[in-house]
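Descriptive analysis of the structure
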Amino acid sequence: MAFLSPPDASEDIDRPLIALVVQNFYARVRGDAVLGPIFNTRIEDWPEHEAKIMRFWSSVLLKSGEYHGSPMQVHLAIPNLTGSDFDRWLALFDQSLSEVCRPDQAKAFLSRAARIAEAFQFVRAAQGPEVLSALSPRLSTL
Ligand code: HEM
């Protein structure tokens with residue numbers, strides 16, 4: 001019944017599309033001069049990382065509830081991320097979306113990503129370097 005459909009249903013986003021977006025995006029990230037080294041030094045198993053991110057986007061956009069992580073803590077624990085790193089991340093994500101999605105689907109992904117990126121940056125800024133370094137050893141065990 002139409003009134004029971006989730007609000008995102010009109011974009012018609014499904015798991016195969018999420019898989020395409022994630023694979024296209026991280027192929028781009030791995031080859032990027034700025035973001036490549038940040039990811040490549042931390043991620044040992046790329047298929048495992050991509051599978052986790054697919055669960056993340058399924059939870060965000062399809063409300064599947066299959067991702068149970070703490071992305072805020074994970075990103076707070078990466079030192080020295082700048083506003084321009086986040087801009088670069090979003091620009092690469094946008095490029096991937098425009099390659100594999102329709103514009104309405106791309107918008108659904110990108111608007112969520114931009115909001116999450118803003119939240120990451122807001123908390124980083126609010127905490128400041130001293131609090132962050134005091135917190136990092138404990139955050140990594142969460
Ligand atoms: C400057 C931008 C970003 C950088 C450099 C970055 C980098 C990373 C890295 C290196 C990891 C792997 C950490 C590890 O396994 O040790 C990671 C995990 C992850 N990232 Fe990002 N990221 C960025 C922005 C974002 C944004 C905007 C989102 C969401 C839209 C996002 C979602 C995630 C998620 C869900 C994980 C998995 C966390 C977990 O282990 O549960 N990231 N990121």
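Read on for a plain summary of the structure. (Residues numbered from 1 in each chain as written. Predicted model: local features only at pLDDT ≥ 70, side-chain atom pairs only at ≥ 80, totals over all residues.)

**A closer look at the site of the ligand**
Quick reminder of the rule: For each residue, a C-beta atom is positioned from the backbone; the residue is called near a molecule or strand if that atom sits within 6 Å of it. The helix and strand labels rest on DSSP assignments: H or I over at least four residues marks a helix, E over at least two residues marks a strand, and numbering proceeds from the N terminus. For this classification, the nonpolar set comprises Ala, Val, Leu, Ile, Met, Phe, Trp, Tyr, Cys and Pro, the charged set comprises Asp, Glu, Lys and Arg, and every other residue, Gly included, is treated as polar.
Neighbouring the ligand are 20 residues, the closest being Gly69, Asp85, Trp89, Ile116 and Ala117. Looking at the shell around the ligand, the elements with two or more residues in it are helix H2 (35-40), helix H3 (46-62), helix H4 (71-76), helix H5 (83-100) and helix H6 (103-139). Residue classes in the shell around the ligand are distributed as 15 nonpolar, two polar and three charged.

**A short note on the nonpolar core**
Defined as follows: A set of buried Ala, Val, Leu, Ile, Met, Phe, Trp, Tyr and Cys residues, joined through C-beta atoms within 7 Å, is what we mean by a nonpolar core. Any residue whose C-beta has 12 or fewer other C-beta atoms within 10 Å is treated as exposed, any with 20 or more as buried, and any in between as partly exposed, C-beta atoms being built from the backbone. Here contacts are defined at the residue level, using C-beta atoms placed from the backbone and a cut-off of 7 Å between them.
Ranked by size, the top nonpolar core spans 16 residues in total, and within it Val21, Val22 and Phe25 carry the most contacts. Going through the elements one at a time, helix H1 (15-30), H3, H5 and H6 are the ones with two or more residues in this core. It is H1 that contributes the most residues to this core, six residues altogether. For Phe25, the residues in contact, after removing those within four places along its chain, are Leu92, Phe93 and Ser96.

**Side note on H1**
Heads up, the condition is: To estimate how far a helix should extend, the number of its residues minus one is multiplied by 1.5 Å. The reported arc concerns the directions from the helix axis to the C-beta atoms and nothing else.
Compared with the 22 Å implied by 1.5 Å per residue over 16 residues, the 22 Å span of H1 between its first and last C-alpha is a close match. Among the residues of H1, Ile18, Val21, Val22, Phe25, Tyr26 and Val29 are the ones counted as buried. Taken end-on, H1 shows its buried residues confined to a sector of 115°, consistent with a single buried face.

**A few points about H3**
Helix length check: H3 (17 residues) gives 23 Å between terminal C-alpha atoms against 24 Å at 1.5 Å per residue, within 8%. Trailing H3 by a residue or two, Lys63 shows a phi angle of about 55°, which is positive.

**A few points about unusual backbone geometry**
Glycine aside, negative phi is the norm for most residues, and most peptide bonds take the trans geometry. Of note in the backbone geometry, Lys63 takes a positive phi value of approximately 55° without being a glycine. For Lys63, a count of 11 C-beta atoms within 10 Å corresponds to the exposed category. The residue Asn80 is not glycine, and still its phi comes out positive at about 60°. Structurally, Asn80 can be placed in the loop between H4 and H5.

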